[in-house]
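Here is how the chains run, residue by residue.
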Amino acid sequence: EFCDSLFDWQFAHFSGTIERTHPFRVYMISIELPSNVLKLLRTCLVRTDLGHVEELDLTRNNFQGSDGINFAIEIIQSQEKMTQFSYEQNPVDNDQDCQRLVGAIVSHPSISMCSLNGLCGGEINGHDYLVHLLRKDGIKNINFAGCGVSTNGQSALFDVIKLHPILDELNLENNKLNDRDAIHLADALQRNRTLKELELQMNEFTRLGEETLKKAIYDDSSLNAAVNSNHVCTIKGLSFTSDKGYSLYFQGWRKYNVYYNQDIIWGDEDGPKLSRARKIFHFLGNKCKEGQNCLSLEAETGGVALKVVPLALAAVQIYGQQWSQGTNVVTINDNGEYGAAELSITYELLQRWNVTVLCHSHLNNDQRRKLC
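Since the structure is predicted, the reported quantities are computational estimates derived from the model, not experimental observations.

Definitions and limits used
- Residues numbered from 1 in each chain as written.
- Predicted model: local features only at pLDDT ≥ 70, side-chain atom pairs only at ≥ 80, totals over all residues.
- Heavy atoms only, no water.
- Pairing = 2+ DSSP bridges.
- Helix = DSSP H or I, 4+ residues; strand = E, 2+ residues; numbered from the N terminus.
- Axes fitted to C-alpha atoms, helices over the stretch in contact; angles between N-to-C directions.
- Contact = heavy atoms within 4.5 Å.
- Parallel < 35°, antiparallel > 145°, perpendicular 65-115°, else oblique.
- Left-handed = near helix turned anticlockwise from the far one by under 90°.
- Nonpolar A, V, L, I, M, F, W, Y, C, P; charged D, E, K, R; others polar.
- Buried < 20%, exposed > 50% of the residue type's maximum accessible area, 1.4 Å probe, protein only.
- Polar contact = N/O pair within 3.5 Å; in protein donor to acceptor, adjacent residues only side chain to side chain.
- Expected span 1.5 Å × (residues − 1).
- Phe/Tyr/Trp six-rings, centres within 6.5 Å; stacked < 30°, edge-to-face > 60°.
- Disulfide = S-S within 2.5 Å.

> Looking at this structure, I do not really get the sheet that holds strand β6 (residues 169-171). What am I missing?
Pairing between the strands of a sheet is mediated by backbone hydrogen bonds and can be parallel or antiparallel. Reading across the sheet, the eight strands line up as β1-β2-β3-β4-β5-β6-β7-β8 and stay open at both edges, with parallel pairing between neighbours. Each of the sheet's edge strands pairs with one partner strand only, and the pair in question is β1 (24-29) and β8 (234-236). Direction aside, neighbouring strands of the sheet carry axes that sit 10 degrees apart on average. Docked against the sheet, helix α4 (residues 67-78) engages β2 (53-59) and β3 (84-88), running at close to 180 degrees with respect to β3.

> Before we go on, may I ask you to explain the packing of α4 against helix α5 (residues 95-107) in this structure?
Axis angle and axis distance: for two packed helices, these are the angle between their axes and the distance between the axes, and together they describe the pair. Running from N to C, α4 and α5 point in directions that differ by 15 degrees, and their axes come no closer than 10 Å. Relative to α5, the element α4 lies roughly parallel. As α4 runs across α5, the sense of the crossing is left-handed. Facing α4, whose interface residues are Ile69, Asn70, Ala72, Ile73 and Ile76, α5 presents Asp97, Arg100, Leu101, Ala104 and Ile105. Among the residues forming the contact of α4 with α5, the class breakdown is seven nonpolar, one polar and two charged.

> How do you make sense of the side chain of Asn141 when you look at a structure like this?
Here Asn141 is to be found in strand β5 (residues 141-143). Residue Asn141 is classed as buried on the basis of its relative accessible area, which comes to 16%. Among the polar contacts listed, one links the side chain of Asn141 to the side chain of Glu169, at a separation of 3.2 Å.

> Honestly, helix α8 (residues 179-191) in this entry has me stumped. Any pointers?
Note: α-helices contain 3.6 residues per turn, so residues at a spacing of three or four share the same orientation. If you check α8, its first and last C-alpha atoms are 19 Å apart, about what 13 residues at 1.5 Å a residue would give, namely 18 Å. Next to the buried residues of α8 lie α7 (156-163), β7 (197-199), α9 (207-217) and β8. The residue sitting at the N-terminus of α8 and contributing the capping side-chain oxygen is Asn178; that oxygen lies 3.1 Å from the backbone nitrogen of Arg180.

> Help me out: how do you make sense of the packing of aromatic side chains in this one?
Any two aromatic rings considered together are summarised by their centre-to-centre distance and by the angle between their planes. A full pass over the atoms with the stated rule returns four aromatic pairs. When the ring of Phe85 is compared with that of Tyr87, the centres are 6.3 Å apart and the planes differ by 20 degrees; the resulting orientation is stacked. Relative accessible area serves as the criterion here: at 1%, Phe85 is assigned to the buried category. Following the ring pairs from residue to residue traces out a cluster consisting of Phe63, Phe85 and Tyr87.

> Explanation requested: the state of the cysteines in the structure shown.
Two cysteines whose sulfur atoms are joined by a covalent bond form what is called a disulfide. Overall, the coordinates contain zero disulfides when judged by the stated rule. Here Cys114 is not disulfide-linked; the sulfur of Cys147 is the nearest cysteine sulfur, at 9.9 Å. Under the relative-accessibility criterion, Cys114 is labelled buried at 2%.

Given below as structure tokens:
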């Protein structure tokens, strides 16, 4: 019926208009596709006079032998405008087929998002295939979960992540990454400023590995370390980015986990700025409880801490104050005390530095935000 519908579409008087304005998407999920059905589908989908396939999703199809790989490659090669491809939970037990499929994706001119969850079956190590995919021009989103990725001490994977210019999302859950890999990955995240979401659950990290990755997102060893942390990427699936404590939005509040960089309210442009301000606020707040802010900052700045007073207080005000206009939401501090942390940090800094007038006191909210 699907094939007949496509053929009817070909001869319809409006087909040309639809072809120009509405590329179509094909989802075949949890449908068993034997060879005779694939043959019919192939006849329809390799045609170019029916418009173009923008997205092809093949998930849990119980393909026999290399049928699924052959079918997918033919469609990929015939549809040059395809931008998204999924081949999930269709495990392949031989390296040759894995190599053929990954090669077809890498050589495709337009695919920027691919999901190959569970591609590498048996004892296949998907490391080299993942590196090959990451080196594809234009790739932005890769799901390579459950593909037996083991680096065996190599750094090639992390070198590519470190220097990738446009990578947006990477799913590496349920692989074989370990604490040694965590060190290389943390180093990559110190350089990469495009990756927004990294899935890492169900790998082989111990608490030591998690702590290493945690510091890449927020290093609270010093104010400079906090400022130089990664304010773009959120690592999902590890204990320090659990849901607890940062998602109270639907109760009328928004309380943030300081390790959770993504910000659905402020958007991509302002998200990193707010994340950085939040970490500065968190750092100063902890030091304030100990009465150590001034000593800490003077130690970092070689005794000229007064120069960073405007920056420190601007960060406190940006994150600590209550925003109630437009799409901004009211925030509370870690103890649930409405605005108390902002006042306490400000008082401590002013008291210990004996400062009565600050150069930023005349700035409006937008100007203060630009300081951070």
